[in-house]
Amino acid sequence: MRTDPRSRALRDIVSDLLDTTTGTTYMARKISGYWQGYGDDPVIGRTAPDLVLADGTRLGEHLHDGKGLLVSAEVDGYADRVDSVKADHSGMLVRPDGIVAWAGSDGLEDALTTWFGAAS
């Protein structure tokens, strides 16, 4: 909205960038935070893979009730906010929006508290 020469020049550069597929993709990822990792495991902060679980269902089938999903791990005090399922995969906590909030073996309690509050 500024009209000084430097602002106009910057606006022209950004417009040129957004006129390309690569530039638009870059900006969309930056704005959405998709590029940002949330932990040591690269799956954290990304959309959860639609894994086949031990009972033959798929992970996505368990994300329709607005609860989190804890895969291959168990913890007490969160049953009202987080469902648990078994899989032949390492532990993973999936937020209700399908984003992985935790994966691995350490730090589960911290992730649960961060995303779902204190245990009841």
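Scroll up a little and you will see the structure.
Okay, so let's go over this structure. Bear in mind the structure is a predicted one, so any value in this text is a computation, not a measurement.

Overview of the overall build of the protein
Of regular secondary structure, the protein possesses three helices and four strands. Sequence-ordered secondary structure for the protein, helices as α and strands as β, is α-α-β-β-β-β-α. Its C-alpha atoms give the protein a radius of gyration of 20 Å, more than 25% over the compact-globule value 14 Å for 120 residues. Dimensions of the protein along its principal axes, counting C-alpha atoms only, are 60 × 30 × 25 Å. Counting over 120 residues, the protein shows a buried share of 31%. Once local pairs closer than 6 in sequence are excluded, the contacts in the protein between residues at least 24 apart make up 42%.

Here we look at the pattern of salt bridges
Inspection of every chain in the model, using the stated rule, returns six salt bridges. The salt bridge involving Glu 74 is made with Lys 86; its shortest N-O contact spans 2.6 Å. You can see Glu 74 sitting in the loop between strand S1 (68-71) and strand S2 (82-85) and its partner Lys 86 sitting in the loop between S2 and strand S3 (92-94), a full 12 residues away along the chain. Both residues of the pair, Glu 74 and Lys 86, count as exposed.

A word on unusual backbone geometry
A positive phi is found at Ser 72, a non-glycine position, where the angle reads about 55 degrees. One can find Ser 72 in the loop between S1 and S2.

Criteria and cut-off values
- Per chain, residue numbering runs from 1 following the sequence as it is written.
- Predicted model: local features are reported for residues with pLDDT of at least 70 only, side-chain atom pairs are reported and counted for 80 or more only, and whole-chain, interface and lining totals are derived from all residues.
- With hydrogens and water excluded, all non-hydrogen atoms of the structure serve as input to the side-chain values.
- Helix and strand definitions here come from DSSP, where helices need a minimum of 4 consecutive H or I residues and strands a minimum of 2 consecutive E residues; each element is numbered from the N-terminal end.
- Throughout, radius of gyration means the C-alpha value; the globule benchmark is 2.2 Å times the number of residues raised to the power 0.38.
- Each residue is placed in one exposure class: buried if its accessible area under a 1.4 Å probe, protein chains only, is under 20% of its type's maximum, exposed if it is over 50%, and partly exposed if it falls in between.
- Residues are treated as being in contact if the distance between any of their heavy atoms lies within 4.5 Å.
- Salt bridge, as used here: a side-chain nitrogen of Lys or Arg that lies within 4 Å of a carboxyl oxygen of Asp or Glu.

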